[in-house]
Amino acid sequence: MIINVDKLRGKEIDKINLNFCEEIDTISYCDEKYKLASPIEVTGKVTRNGKELYINSDVKMTVVDRCSRCLEEVEIPLDFNIQGFIVQENNYTEDEYEEFDAFIVKDYENVDLLEIIAQNLEFNMPHKVLCGEDCKGLCPGCGANLNKEDCRCSEKINDEDNIDPRFAKLKELLKNE
């Protein structure tokens, strides 16, 4: 997903239209690696705004993550907009872009859109991923997925087997009464 922006920076053209779909297995950001269940679709444009480059595009993809309760894989459709300045890594100053989004890239001649999409991924992922609102999760005792099977913990738990050793003396006092 690399676009050459030399002609745009050299004022030979006014904009670069983005309209493509690319099959990618995974996308990484901040040490998180996300598996993709669909191609990444990008539509929009990159324009020159004075000396700067500005991107305005729509991104659609489906990311695979784990349910927060039962840890089953869940496909999450994402559809988000990217708007902001494309800034070379060594030319970025926070004060200059305080009111705007700035996407810092390493290579300013061949911009990797995947890098920009990854920077937006964290803001567009749901905070808590669930396979369904009625997800029962995992049993804290035996680890069974309660959506698929019954709990394997014993029905009757013997208190004496599970008593905290610090309270064993108290149990003995209750037996004497």
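Residues numbered from 1 in each chain as written. Predicted model: local features only at pLDDT ≥ 70, side-chain atom pairs only at ≥ 80, totals over all residues. Heavy atoms only, no water.

Q: So what exactly am I meant to see when it comes to the overall build of the chain here?
A: Across its full length, the chain holds three helices and nine strands. Traced from its N-terminal end to its C-terminal end, the chain shows the element sequence β-α-β-β-β-β-β-β-β-β-α-α. Relative to its 177 residues, the chain shows a buried fraction of 31%. Contacts in the chain between residues far apart in sequence, at least 24 positions, make up 51% of those at least 6 positions apart. (Helix = DSSP H or I, 4+ residues; strand = E, 2+ residues; numbered from the N terminus. Buried < 20%, exposed > 50% of the residue type's maximum accessible area, 1.4 Å probe, protein only. Contact = heavy atoms within 4.5 Å.)

Q: Would you mind showing me how to read unusual backbone geometry here?
A: Trans peptide bonds make up the majority, and among non-glycine residues the majority have a negative phi. Non-glycine residue Leu-71 carries a positive phi angle of around 70°. Here Leu-71 is to be found in the loop between strand 6 (52-66) and strand 7 (73-88). Judged by relative accessible area, which is 45%, Leu-71 ranks as partly exposed.

Q: So what exactly am I meant to see when it comes to the pattern of salt bridges here?
A: Oppositely charged side chains can pair when the atoms bearing their charge come close. Counted under the stated rule, the structure contains five salt bridges. For the salt bridge of Arg-66 with Glu-73, the shortest nitrogen-to-oxygen distance reads 3.8 Å. In this structure, Glu-72 and Lys-148 form a salt bridge, with 3.3 Å as the shortest nitrogen-oxygen distance. Of this pair, Glu-72 sits in the loop between strand 6 and strand 7 while Lys-148 sits in the loop between helix 2 (113-124) and helix 3 (168-176); the two residues are 76 residues apart in sequence, bridging distant segments of the chain. Judged by relative accessible area, Lys-148 falls into the exposed class, the value being 61%. (Salt bridge = Lys/Arg side-chain N within 4 Å of Asp/Glu carboxyl O.)

Q: Before we go on, may I ask you to explain a nonpolar patch on the surface in this structure?
A: A surface patch of nonpolar side chains, about 370 Å² in accessible area, is lined by Ile-163, Phe-167, Leu-170 and Leu-173. Relative to the elements of secondary structure, Leu-173 occurs in helix 3. Overall, the relative accessible area of 52% leaves Leu-173 in the exposed class. (Patch = residues over 30% accessible without salt bridge, like charges linked within 9 Å, V, L, I, M, F, W, Y side chains within 5 Å. Areas by Shrake-Rupley, 256 points an atom, 1.4 Å probe, with all protein chains shown as cover.)

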